[in-house]
Amino acid sequence: MNIFVLEDEAAIGRAVGDLFCRFVQKKPAAVLGLATGASPVPAYRRMAERCRNGEVSFRRVRTFNLDEYCDLPEDHKNSYHTFMRQELFSWVDLPPENTGFLNGNAEDEFAESERYRLAIEKAGGIDIQLLGIGRNGHIGFNEPAENFTAESYKTALTGSTIAANSIYFDDIPMPRYAMTMGVGAILRARQIVLIATGGAKADAVKIMLEGEMSPRCPATALRQHPDVQVYLDPQAAALLRK
Ligand code: GLP
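Conventions we followed
Residues numbered from 1 in each chain as written. Predicted model: local features only at pLDDT ≥ 70, side-chain atom pairs only at ≥ 80, totals over all residues. Heavy atoms only, no water. Near = heavy atom within 4 Å. Polar contact = N/O pair within 3.5 Å; in protein donor to acceptor, adjacent residues only side chain to side chain. Areas by Shrake-Rupley, 256 points an atom, 1.4 Å probe, with all protein chains shown as cover. Helix = DSSP H or I, 4+ residues; strand = E, 2+ residues; numbered from the N terminus. Buried < 20%, exposed > 50% of the residue type's maximum accessible area, 1.4 Å probe, protein only. Lys, Arg positive; Asp, Glu negative; His and termini not counted. Salt bridge = Lys/Arg side-chain N within 4 Å of Asp/Glu carboxyl O. Pairing = 2+ DSSP bridges. Contact = heavy atoms within 4.5 Å. Axes fitted to C-alpha atoms, helices over the stretch in contact; angles between N-to-C directions. Phe/Tyr/Trp six-rings, centres within 6.5 Å; stacked < 30°, edge-to-face > 60°. Parallel < 35°, antiparallel > 145°, perpendicular 65-115°, else oblique. Left-handed = near helix turned anticlockwise from the far one by under 90°. Arc of directions from axis to C-beta.

(A) Geometry of the site of the ligand. As a structural note, the neighbourhood of the ligand is formed by 13 residues, with Ala38, Ser39, Asp67, Asn165 and Lys201 the closest of them. At 2.7 Å, a backbone N or O of Ala38 approaches an oxygen atom of the ligand. Taking 400 Å² as the accessible area of the ligand by itself, protein coverage stands at 91%.

This is the structure we're talking about:
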């Protein structure tokens, strides 16, 4: 794993946004794995800015998002479909039909998982996956568990995640379930970039990098992957030994 501690989230946004732009400049039909949450927003802004300046085009890019809430209409203001439109897709020249999501309202979660697996496989697999990390070490919505998960599945969200994300839900209660890509599916990406900022992530970051590898902290699985870059601000890196 390559670990970079940069001065603040703006610097991380520039570095990661530029990294993704360089990737797409080299491979215009790249397959990007994308994440929601506050952590990737500055990187999305950077990508949008460079697209607007004509430095990079996402016209041939395909994207697959990590997760989506269950029992929430796709066009609800707090859905991850809406989040991606607001934070990235409306600002770049990516055709809407090139964006892939799990359907949190699918009747058959197993069929939906298989559909997503095949869609990613047919696109050639994810070239580069962007990740955040939850305060409890979750990636996507892979919450602490007894086993690492493989393919996409429907998961019950934990109290820690509900506490962290319910601040965004002001009209209805936050959904209690989500569909997420499994840890195994995330690890199939050829390259992974994880962003963690702020002191609330310091414990999760320490366990991810220095703790016991265990599904109790799903992010520890990333240590098995040969090409991971972790971008931290000083607060998120504060508990690391070195
Ligand atoms: C959310 C998402 C994750 C995200 C994480 C951290 O619940 N499902 O993909 O990485 O929690 O979010 P944030 O970046 O807002 O701290």
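(B) Representation of the side chain of Glu68 within the structure. Residue position: Glu68 is located in strand β4 (residues 67–69). Within the buried core, Glu68 has no salt-bridge partner, and the shortest N-O distance to an opposite charge, that of Arg85, equals 8.2 Å. Within the structure, Glu68 has its side chain in polar contact with the backbone nitrogen of Tyr80 (distance 3.0 Å). A polar side-chain atom of Glu68 sits 2.6 Å from a polar atom in the side chain of His81.

(C) The arrangement of the pattern of salt bridges in detail. Scanning the model with the defined rule gives 15 salt bridges in all. Residue Arg46 pairs with Asp18 through a salt bridge whose shortest N-O separation is 2.8 Å. Residue Arg46 is located in helix α2 (residues 41–52), and its partner Asp18 is located in helix α1 (residues 9–26); the two are separated by 28 residues in the primary sequence. Since its relative accessible area comes to 15%, Asp18 is described here as buried. With a closest N to O distance of 2.6 Å, Asp127 and Arg190 form a salt bridge. Placement of Asp127 in the loop between α4 (109–122) and β6 (128–131) and of Arg190 in the loop between α6 (183–187) and β9 (191–196) is noted, with a sequence separation of 63 residues between them. Residues joined by salt bridges that share partners form a network here, namely Asp18, Arg46, Glu49, Arg50 and Glu55.

(D) Quick peek at the sheet that holds strand β1 (residues 2–5). With respect to topology, seven strands assemble into an open sheet ordered β1-β10-β9-β6-β2-β3-β5, the strand pairing being parallel. With partners counted over all chains shown, the strands left at the sheet margins are β1 and β5 (99–100), one partner each. Sheet topology places strand β2 (residues 31–34) next to β6; two bridges connect them, and they run parallel. The residue bridging Leu32 from the neighbouring strand is Ile128, located in β6. Across the face of the sheet, helix α7 (residues 202–210) comes into contact with β1, β9 and β10 (228–232) while running at roughly 150° to β10.

(E) The arrangement of the packing of aromatic side chains in detail. Using the criterion set out here, one finds eight aromatic pairs in the structure. Ring geometry for Tyr69 and Phe169: centres 5.4 Å apart, planes at 85°, overall edge-to-face. Here the residue Tyr69 occupies a position in strand β4, and Phe169 occupies one in the loop between α5 (159–165) and β8 (177–180), the gap between them amounting to 100 residues. Each member of the pair, Tyr69 as well as Phe169, carries the same accessibility label: buried. On the numbers, 6.2 Å between centres and 75° between planes, the contact of Phe89 with Phe101 is edge-to-face. With Phe89 in the loop between α3 (80–87) and β5 and Phe101 in the loop between β5 and α4, the pair connects residues that are 12 residues apart, well separated along the chain. A relative accessible area of 11% places Phe101 in the buried class. Three or more aromatic residues link up through ring pairs in this structure, and these residues are Tyr69, Tyr80, Phe83, Phe141 and Phe169.

(F) Up close: the packing of α1 against α2. Between α1 and α2, whose axes approach to 7 Å, the crossing angle comes to 50°. Relative to α2, α1 is oriented oblique. Here α1 runs over α2; the crossing is right-handed. Between α1 and α2, the contacting residues are Glu9, Gly13, Arg14, Val16, Gly17, Asp18, Phe20, Cys21 and Gln25 on the first element and Pro42, Ala43, Arg46, Met47 and Arg50 on the second.

(G) Molecular detail of α7. Every buried residue belonging to α7 is among Ala202, Ala204, Val205, Met208 and Leu209, and all of these are buried. Looking straight down α7, one finds its buried side chains confined to an arc of 160°; they lie on one side. Where α7 is buried, its residues touch β1, β9 and β10.

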